[in-house]
Every structure is written in structure tokens, then in C-alpha cells.
Amino acid sequence: MIKINENYLKLQSSYLFSNIAKRVAAFQEANPDKGIIKLGIGDVTRALPQACIKAFHLAVDEMADDNTFKGYGPEQGYDFLREKVVANDYTPRGAAISPDEIFVSDGAKCDSGNIQEIFAGDIKIAIPDPVYPVYLDSNVMAGRTGHSNNDRYENIVYLDSTRENRFLPDLPREPVDLIYLCFPNNPTGATISKDLLKTWVDYARENKAVILYDAAYEAFIQDDEVPRSIYEVQGAREVAIEFKSFSKTAGFTGTRCAFTVVPKDCAAYDTKGEKHFIHALWNRRHCTKFNGVSYPVQKAAEAVYSEEGKNQVKALIRYYQNNADIILKEMSALGYECAGGKNAPYIWIYSETDSWEFFDHLLNKAGVVCTPGAGFGRCGQGFIRISAFNSLENVEKAMARIKKAL
Ligand code: PLP
């Protein structure tokens, strides 16, 4: 008899987006003439930069000619992209990363979900709350978490991100082996200073732990004091793995391209206490289970780093950031306590009521869809997340409606 992996039964059903969809459908049925504005989901809405489109087309044409056609590429990504990533994202920031430490993939979601499989089953894991759900769910599936009681899994150390700590969690009170961090944060929009990030790096070094640093929203960082990579912090090469993505940087959510940085100094230990370098393990895993991102997509991603591409990406980010500025200004003017929205595309709004109640209120009174904070974890209760990923016109319309309704 075939048996299932029963860890899957421990997953808490992801009611969040299906619940939102149900409520939106009910509203639409009751109000067929009322247009709904969606500021809930974190998906980009604007076209790929022209530089990427041009490179994409040229690469597709190469695939149409026997002389330039490409079959399987290197699993880790083409050197042309890995070299551009290092030369633009790391070297200028004093981060000593080499091209062979970059693993190109089809998404930060897959990588941040898959990375846990190279670590032991009995390690202690620290995960922020609220959080991007992939970190937790991938560990539930792997059997590391135990069961969930009252919204929380037994074996997880939760890093509470609250109003009191300005959504920057304290170091864990008990020893942990693997730490997930995400800055700029989804859903709170919080960013971390280099000094504070250093306390995490120091903690990891002292405890022989590893930090999984999700920097998927790095392109939104405008302030020079905010680190764009964990490798700007001294000592991070030995204890940190970083996830980056072209999804929110350059509108690649539907095109799919990202990368993970695994420095060759970063190590984990076997049961005898012997050190093993994670780079070799991840390389093995990547080559066994992944066959590379398509050549045209990697050429399109490379174009992000051309002069034309850089200017177009900047304009794209400016566009969404302007939306975030408007949302932040208007919600603050209405008297709401807001976080995020600076160096980040998400505005995290304290509603003083149940998240779902506030969600319903915005939907029913203004026809605006947000995301209830409670869907991201216990500490998200009482908050909503508004996303800046939409057109300026829709954001302005949504804010005008909210002003009228509240
Ligand atoms: N990491 C975070 C924090 C995200 O919010 C998202 C997407 O919303 C991702 C990763 C997924 O990125 P990708 O599109 O590269 O899979």
C-alpha cells in the first residue's frame, strides 16, 4: 500500500488567498457594477524593461538557428549572467562574492523552499512571525516542526516582529541552528541596519548556525545606510546564504529568474562535528534536481545589468515606490499607524481591529482588496498589508475610495 508523507497532513491549510478570493467573489456578485481594485497580492503589473525584451527576442532568434542554438546549459547558470551579478550586485558593495558562488534558478520561492533539505532533520529553526509562508511550510513538509497547536508549531522558535520591536525581531532566546531573515520584509516592509544585521551574523558565528537571508525586495532599497546584501556585513560569508530574484527587481514574476548565493566558506557540521562546506552540497543538489534556467530568460536577466536596463529598472522601481509613497501618506493622514512603504513595496497598517474585519470593511465600503495580516502569522493579527504593485491610476482611485469610506 502506497503511503503518503504524513508531514503534509500537519500543514495548516492556506486559507489566506482562497478565503480572500471567496470574499471578493461574494462582493462582486452582490455588487456587479462596482469595480474592485486589488492591492492584495504581491505581483508586479508593469511590462518587462525594454532592454530585457530586446535581449529576450535576440536569444529566441539564436535558438531558431542551428549555428547558435543552445541545448542544456550549465545547471548553475551561464557565466555571462553570474559574472554580471557579481560585478554589479556584490563587488561595488565590498562584498567578496565570486561568480561560481552564484546559483541561477527559476525562483527565490523554489530555492528558499528547497534549501532546507541539505540540513539535518533534527535542527532547531528560527522563523520570523509574520513571514513569507514558504520558510515554515517547507520545514513542515520535511518533518522538522512537529504539530501545530494554536497556530504555532511545536519545534519552531518564532521570532516575533511587533509594533514594540518595530518589526525587527530580537535574537532567539534559545540556541538555534538555522535562521530565516527577510529584508526588506514581506509583509511588514521593515528594513534592517547594517549594525543590527551584524548582531545576527555574530550570533550565527558564535552558535555555528546558518542564516538564510531573503533579499527578494533588495531593489527597493534607496537609502545608502540600508544594506543591500548580508555580505556587506563582515563575517557573513561563513554563515549566510542569500536569495535574490529578478521578480520584483525587473518584473520577472512570470518570466522566472532568480539566484542564490552560497559562499564557499559557509559550512555546516555532521554528527561527529566535522565541518562540511554547503557550497558543494548545494551544487550537488542543484545539479541532481535542476537543469538550469532557459537561455533566453538568462539573456533577458543579463540585460537588467546593461546601462539601458539599469535605467529602466530604476524607473520601474520608482514607479512602484511612488505608489507606496502615496499609500503611506494617505493611510497615515487617515490616522493609521503605518510601517514599511520606504525601501519596500509593502505598507503594513495597524488596524486596531481584527485583520479580517478590516479587510471586509475595505472591500465592502471601498471595493479595495488588501491582505489581512493574520494570514502571515499570529503577530500579523490586527494588521493589513497593502501592496504598491498596481498602476498609479488604480492606487490613486483606491486611496480616494478609502478616504471616502473610512
Ligand atoms: N521571497 C519573498 C520574501 C517573496 O515575497 C517572494 C514572492 O512574493 C519570493 C521570495 C518569490 O520570489 P520568486 O518570484 O523569485 O520565486
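What counts and how
Residues numbered from 1 in each chain as written. Predicted model: local features only at pLDDT ≥ 70, side-chain atom pairs only at ≥ 80, totals over all residues. Heavy atoms only, no water. Helix = DSSP H or I, 4+ residues; strand = E, 2+ residues; numbered from the N terminus. Buried < 20%, exposed > 50% of the residue type's maximum accessible area, 1.4 Å probe, protein only. Expected span 1.5 Å × (residues − 1). Arc of directions from axis to C-beta. Contact = heavy atoms within 4.5 Å.

Novice: How should I be thinking about unusual backbone geometry in this particular structure?
Specialist: Excluding glycine, most residues fall at negative phi; most peptide bonds, likewise, are trans. A cis geometry characterises the amide bond from D129 onward to P130, with omega recorded as 5°. Here the bond from N186 into P187 is cis, since omega is 15°, no more than 30 degrees from zero. Relative to the elements of secondary structure, P187 occurs in the loop between β7 (178–182) and α6 (194–207). For F167, which is not a glycine, the phi torsion comes out positive at approximately 65°. Relative to the helices and strands, F167 resides in the loop between β6 (156–160) and β7. In this model, E352 sits at a positive phi of 60°, which is unusual for a non-glycine residue. By the element assignment, E352 lies in the loop between β14 (346–350) and α11 (355–366). Classification of E352 as exposed rests on a relative accessible area of 66%.

Novice: Just to check I follow, could you spell out helix α12 (residues 392–405) for this structure?
Specialist: Each full turn of the α-helix corresponds to 3.6 residues, which orients residues three or four apart in the same direction. Over its 14 residues, α12 extends 20 Å from the first C-alpha to the last, a length consistent with the 20 Å expected when each residue adds 1.5 Å. Looking at α12, one finds that the buried residues are V395, A398, M399, R401 and I402. With its buried residues spanning 165° around the axis, α12 presents them on a single face. Among the exposed residues of α12, those pointing more than 90 degrees away from its buried face are E393 and K404. Here the buried face of α12 lies against β1 (37–38), α10 (307–333), α11 and β15 (368–369).

By themselves these figures say nothing about function.
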